[in-house]
Amino acid sequence: MHHYPVSITALATLMWNLVSFAQLGPEAPNPGPAGITPQPDDLGAPTAQTLTAPTTADFEQQVVERVNQERDAQGLAPLKRNVLLDSSAGTHSDNMASRDFSAHCDLDLVTSAFDRITAAGYVWNSAAENIAAGYTTPDFVMNAWMSSSGHRNNILSGSYREIGIGHTHQPADFSNVRIDANDDCVADGIDGPFYHYWTQNFGRRNDVYPVVINREAAETDTQGIDLYVYGAGWAADMRFKNENGTWSLWESYSPNKSWELSSGNGVKQVEVELRNIDNTVRAASDTIALTLPCAVPDDQLDLPIQTIDYQQTFQACSLIAAASGFEINAPGDVTFHAPRIALGPGFKVQQGARFTVMSETP
């Protein structure tokens, strides 16, 4: 079994004019999967490196959820995932993997984490970055970060409200990865191969008060959810609505709110408006996928040839398949309720009859 080298470093700012760096040396080597042989140093970098990320989106979401689990265990507010921070973090992980370096400073472009976060369009007043290389799973990298004081401090800081994650898998990695151990933006060693490159970007923006559903989980199987609403010290009142819904009544601000999503499976959005004592209003929203368990006994319903001239609803958890020759005659009123509907070529709805499709899980 071969052992992959691993590397993690962290840096943070508290305000625009106060920057602190926490440079951490390489962690002790951790075992990689058996049967993968590091390439010899004298082969050099390949002329064309192919970046693949078969599990990147899932891996990144797992890191977000794990971060908020760690914060919740300490009684801290959850972080809201932000697309701009995702962009800056993802760009840095891609660049480290494709251009063979592991550092907060881009060793070719000489740009810092804060340069990249700003370039992504994130107008911050507090920001931080964790990076790592060589860790093969979200749990693996999070355990390493949480075991290191600099990274742990960033993850558990109360200075941030939002987070972005970037993971890049580089299967064609080599032992030619440049390392900047003292954060002076000059390579001072060669290491690798790492294969996996990770970046966490943290941030806070003035006058931006996110709302977070279920600690930023990707999905839920219940309509009842928990909201965390930023705005302490600014907001006096708040109100909520679901997508295409109506606003609730204004109520006194509180960071924690129980809410119910709209019915039916799918991606749900919750919107919030915050109002201060000067009647200034700030808005935010968050989404989550609702997947309610199916309430009917049949996973797949195969309907034989028949003629229906009465009201009838057919339901299935995954598929309703109507045979060729299935007919609905007046005054029939038939509803198919399932995520997928398959109609045979002879399916007919006669004049005066009604046929309704509900393409969601019952």
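Residues numbered from 1 in each chain as written. Predicted model: local features only at pLDDT ≥ 70, side-chain atom pairs only at ≥ 80, totals over all residues. Heavy atoms only, no water.

**Some remarks on the packing of helix H1 (residues 56-73) against helix H4 (residues 138-146)**
Each pair of packed helices gets described by two things: the angle between the helix axes and the distance between those axes.
Thought 1: Viewed as axis vectors pointing N to C, H1 and H4 meet at an angle of 40 degrees, and their least axial separation amounts to 9 Å. With respect to each other, H1 and H4 are oriented oblique. Helix-helix and strand crossings are classified by hand; for H1 and H4 the assignment is right-handed. Facing Phe-59, Gln-62, Val-63, Arg-66, Val-67 and Glu-70 of H1, the residues of H4 in contact are Pro-138, Asp-139, Val-141, Met-142, Asn-143, Trp-145 and Met-146.
Thought 2: Taken together, the residues of the contact of H1 with H4 break down into eight nonpolar, two polar and three charged. (Axes fitted to C-alpha atoms, helices over the stretch in contact; angles between N-to-C directions. Helix = DSSP H or I, 4+ residues; strand = E, 2+ residues; numbered from the N terminus. Parallel < 35°, antiparallel > 145°, perpendicular 65-115°, else oblique. Left-handed = near helix turned anticlockwise from the far one by under 90°. Contact = heavy atoms within 4.5 Å. Nonpolar A, V, L, I, M, F, W, Y, C, P; charged D, E, K, R; others polar.)

**Observations regarding the state of the cysteines**
Thought 1: According to the stated counting rule, one finds two disulfides in the structure shown.
Thought 2: Here Cys-105 connects covalently by a disulfide to Cys-185, the sulfurs 1.6 Å from one another. Of this pair, Cys-105 sits in the loop between strand S6 (101-102) and helix H3 (113-119) while Cys-185 sits in the loop between strand S9 (177-179) and strand S10 (189-191), and the two are 80 residues apart along the sequence. Comparing Cys-105 with Cys-185 shows no difference in burial state: the two are buried.
Thought 3: Here Cys-294 engages in a disulfide with Cys-317; their sulfurs sit 2.0 Å apart. Taking the sign of the S-S torsion, about -95 degrees here, the bridge from Cys-294 to Cys-317 comes out left-handed. Taken together, the residues span a long stretch of sequence, with Cys-294 in the loop between strand S19 (281-290) and strand S20 (300-303) and Cys-317 in the loop between strand S22 (311-315) and strand S23 (319-322) at a distance of 23 residues. (Disulfide = S-S within 2.5 Å. Buried < 20%, exposed > 50% of the residue type's maximum accessible area, 1.4 Å probe, protein only.)

**Structural notes on the layout of surface pockets**
Over the atoms rolls a probe the size of a water molecule, and its path tells where empty space is left.
Thought 1: Considering only enclosed or pocket space, the largest pocket measures out at about 320 Å³ in volume.
Thought 2: Counting residues per element, the ones that place at least two in the lining of the largest pocket are H1 and strand S14 (224-229).
Thought 3: Here the lining of the largest pocket is composed, by residue class, of seven nonpolar, four polar and four charged.
Thought 4: Of the volumes computed, that of the second largest pocket is approximately 180 Å³.
Thought 5: In this structure, the second largest pocket is lined by 17 residues; those nearest its centre are Arg-205, Val-208, Tyr-209, Pro-210 and Ala-284. (1 Å grid on protein atoms, 1.4 Å probe; cavity = no way out; pocket = protein on both sides within 12 Å on 5 of 7 lines; lining within 4 Å. Points joined across faces, edges and corners; volume = space filled by probe spheres on them.)

**A few points about the pairing of S23**
Thought 1: The alternating pattern of S23 places Leu-319 and Ala-321 on one face and Ile-320 and Ala-322 on the opposite face, and all of these are buried.
Thought 2: The sheet contact formed by S20 and S23 spans four bridges and is parallel. Looking at the pairing, Gln-300 lines up with Leu-319 of S23.
Thought 3: In this structure, S23 lies alongside strand S26 (residues 340-343), joined through four bridges in parallel fashion. In the sheet register, Ala-321 faces S26, and the bridge partner there is Ala-342. (Pairing = 2+ DSSP bridges.)

**Some points on the side chain of His-104**
Thought 1: For His-104, the position within the fold is in the loop between S6 and H3.
Thought 2: Look at His-104 and you get buried, because its relative accessible area is 3%.
Thought 3: A distance of 2.6 Å separates polar atoms of two side chains, one belonging to His-104 and the other to Glu-129. (Polar contact = N/O pair within 3.5 Å; in protein donor to acceptor, adjacent residues only side chain to side chain.)

**So, the sheet that holds S22**
Thought 1: Pairing within the open sheet is parallel, and its three strands lie in the order S22-S25-S28. The two strands at the open ends of the sheet, each matched to only one other strand, are S22 and strand S28 (354-358). For this sheet, the mean inter-axis angle between neighbouring strands, taken without regard to orientation, is 10 degrees.
Thought 2: The sheet contact formed by strand S25 (residues 333-337) and S28 spans five bridges and is parallel. Pairing of His-337 across the sheet is with Met-358, part of S28.

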